[in-house]
Amino acid sequence: MGASTVRAPLTRGVFSIYCSYPRLKSNPLYFSVSLASSVQQVRRAAAASMSYDKQLAAAKKAAFLAARLCQVQKALLQSDIQSKSDKSPVTVADYGSQALVSFILEKEFPSMPFSLVAEEDSEDLRREETRGTLVRIKELVNDTLASNGMNDISPLSEEDVLDAIDRGKSEGGPHGQHWVLDPIDGTKGFMRGDQYAIALALLDEGKVVLGVLACPNLPLTSVTSYDRHNSQDKVGCLYFAQLGAGTFMQSIDGSPPRKVHVSATTNPEGALFFESFEAAHSSHDLSSLIVKKMGVKTPPVRMDSQAKYGALSRGDGEIYLRFPREGYREKIWDHAAGYMVVAEAGGIVTDAAGNPLNFSRGRYLDLDTGIIVTNQKLMPALSKAVVESLKERASSLQS
């Protein structure tokens with residue numbers, strides 16, 4: 001791929017990156033890939049002297065409790081499922097998870113300004129016809145707190161729950177610290193009894209500095225060898241990563257954490273790739289074209305939620321592709337925690353043009369076309385295949 005030299009003095013948190021790259025003029029694509037990798041390395045180095053241990057401990061606690069609340073999945077009632085204004089489903093567990101995480105984080109840091117960028121709000125729950133749903137959410141939150149040793153906390157009222165949910169209305173941005181939460185990423189997977197994740201991250205001055213993924217249905221062993229009918233195959237993974245400290249995985253039940261790393265595979269032919277279960281979330285046809293150009297021979301692994309990031313971080317596969325429909329705007333809560341988990345495990349996450357993801361612009365990720373994830377060795381070939389495939393698709397649409 002050619003040599004790349006990076007020098008990164010930091011002045012008030014601003015990166016000055018100088019890259020010398022012999023093939024830049026002939027192939028700027030490779031420069032983008034190299035730059036994305038270099039930026040991630042520089043950010044890790046900058047964070048080496050900073051510690052977010054207290055925030056990470058609080059995030060793990062909140063995600064664990066939310067995962068416990070989500071055990072309602074096994075007994076979800078039709079009345080527990082609502083439709084939002086955009087027709088997407090939302091359940092009592094989505095609301096309960098957000099209320100619980102919001103409540104725990106604010107309680108852990110009472111003297112600090114609290115900012116939470118999260119998916120849900122309480123507007124629909126404040127209607128008289130949804131009063132029963134609100135009562136159910138309140139019961140779920142209070143039962144979860146009581147059954148997990150937090151008996152010193154007074155039960156939350158309905159108004160407490162609504163307020164906790166609405167604390168997620170922050171706009172985020174480039175200044176200060178902001179928690180970023182998807183209370184249930186993969187609600188459709190949750191409803192089917194498949195994969196979902198509680199995804200929680202922390203931004204500091206616009207950069208992701210920690211990420212936690214609680215994946216209650218993800219097997220502790222590789223997804224490629226998991227047999228859901230074998231009672232010996234245990235499920236329930238908790239991933240956590242702090243900038244500059246690597247990525248770790250443990251069982252949600254509390255086994256000792258172990259450090260994980262992305263796959264070191266260099267041959268595209270044997271690479272395994274992940275994509276969204278729902279075709280409406282990502283173009284399966286485009287993903288198929290991309291991996292075919294790379295020479296990938298294996299069929300896709302289709303999975304809901306940021307559990308894909310978790311599986312990739314421990315080497316279950318090598319590639320994750322996400323190309324949503326035209327006009328769709330990615331939300332930061334759909335990627336912040338997963339990004340950190342993969343990046344700290346040695347992977348690279350960029351947009352389709354090879355640019356680093358920018359989480360400092362508010363609630364949305366304004367990026368080029370899609371998101372691609374892989375290890376450092378495969379990224380140049382993947383980026384080349386993405387560019388070629390996008391050009392081919394654009395040409396076919398014009399003809």
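Just so you know, these numbers come straight off a predicted model, no measurement behind them.

## Re the overall build of the protein
- Helix and strand counts for the protein stand at 10 helices and 18 strands.
- Every one of the 399 residues in the protein was classed for burial, and the buried ones make up 53%.
- If you take every contact in the protein between residues at least 6 apart in sequence, the share linking residues at least 24 apart comes to 72%.
- Only carbon and sulfur atoms are counted for the fraction: they give 49% of the accessible area of the protein, which is about 17700 Å².

## Considering the packing of helix α2 (residues 53-69) against helix α3 (residues 92-108)
- Where α2 contacts α3, the two axes come as close as 9 Å, and the packing angle between them is 155°. Here α3 runs roughly antiparallel to α2, going by the angle between their axes. Regarding α2 and α3, the two cross each other, and that crossing is right-handed. Between α2, through A58, A59, K61, A62, L65, A66 and L69, and α3, the contact on the second element is made entirely by A93, G96, S97, L100, V101, I104, L105 and E108.

## Considering the UniProt feature "binding site: Mg(2+)" (unreviewed entry) in the protein
- The positions that UniProt labels "binding site: Mg(2+)" (unreviewed entry) are, in the present scheme, E119, D182, I184, D185 and D334. Taking the farthest pair of C-alpha atoms as the criterion, the annotated set spanning 216 residues converges on one region, since that pair is 9.9 Å apart.
- Those residues in contact with D185 that lie beyond four places of it in its chain are Y196, A197, S305, Q306 and D334.
- Inspection of the secondary structure assignment puts D334 in the loop between β15 (330-331) and α9 (336-344).
- Overall, D334 belongs to the buried group, its relative accessible area being 13%.
- Dropping the residues within four chain positions of it, D334 is found in contact with D182, D185, Q306, Y309 and Y328.

## Regarding the packing of α3 against helix α4 (residues 131-147)
- Contact pair α3 / α4: the axes reach a minimum separation of 9 Å and the direction vectors enclose 50°. Taken together, the axis directions place α3 and α4 in an arrangement best described as oblique. With respect to the hand of their crossing, α3 and α4 are arranged in right-handed fashion. For the pair α3 and α4, contact is made by V92, Y95, G96, A99, L100, F103 and I104 and by T133, R136, I137, L140, V141, T144 and L145, respectively.
- Residue composition of the contact of α3 with α4, by class: 10 nonpolar, three polar and one charged.

## Some remarks on the confidence of the model for the protein
- Here the protein averages 87 in pLDDT, while 86% of its residues score no lower than 70.
- Considering only residues more than four positions removed or in separate chains, one finds that residues 1-26, a stretch of pLDDT under 50, has 44 contacts.

## Remarks on the state of the cysteines
- As enumerated under the stated definition, the model contains zero disulfides in all.
- This cysteine, C215, is not joined by any disulfide, and C237 carries the nearest cysteine sulfur, 6.5 Å off.
- With a relative accessible area of 0%, C237 lands in the buried category.

## What about the nonpolar core?
- Within the largest apolar cluster, 96 residues are counted, with the highest numbers of intra-cluster contacts made by L145, W179, I198 and F359.
- If sequence neighbours within four positions are ignored, W179 has contacts with Q55, A59, L105, F109, F114, S115, L116, V117, L200, A201, L202 and L210.
- Listed in part, the 19 residues of the second largest apolar core include M294, L321, L382 and V386.

## Section: the side chain of T247
- Positionally, T247 belongs in strand β10 (residues 246-251).
- Judged by its relative accessible area of 0%, T247 is buried.
- Reaching out from T247, the side chain makes a polar contact with the backbone oxygen of V341 at a distance of 2.7 Å.
- Of the polar contacts made by the side chain of T247, one reaches the backbone nitrogen of A345; its length is 3.3 Å.
- Not counting chain neighbours up to four residues away, the residues in contact with T247 comprise F240, A241, R258, K259, V260, S313, M340, V341, E344 and A345.

Conventions used here
Residues numbered from 1 in each chain as written. Predicted model: local features only at pLDDT ≥ 70, side-chain atom pairs only at ≥ 80, totals over all residues. Heavy atoms only, no water. Helix = DSSP H or I, 4+ residues; strand = E, 2+ residues; numbered from the N terminus. Buried < 20%, exposed > 50% of the residue type's maximum accessible area, 1.4 Å probe, protein only. Contact = heavy atoms within 4.5 Å. Areas by Shrake-Rupley, 256 points an atom, 1.4 Å probe, with all protein chains shown as cover. Axes fitted to C-alpha atoms, helices over the stretch in contact; angles between N-to-C directions. Parallel < 35°, antiparallel > 145°, perpendicular 65-115°, else oblique. Left-handed = near helix turned anticlockwise from the far one by under 90°. UniProt positions renumbered as here; feature names shortened; annotations may be inferred. Nonpolar A, V, L, I, M, F, W, Y, C, P; charged D, E, K, R; others polar. pLDDT = per-residue confidence, 0-100. Disulfide = S-S within 2.5 Å. Core = buried A, V, L, I, M, F, W, Y, C linked by side-chain atoms within 4.5 Å. Polar contact = N/O pair within 3.5 Å; in protein donor to acceptor, adjacent residues only side chain to side chain.

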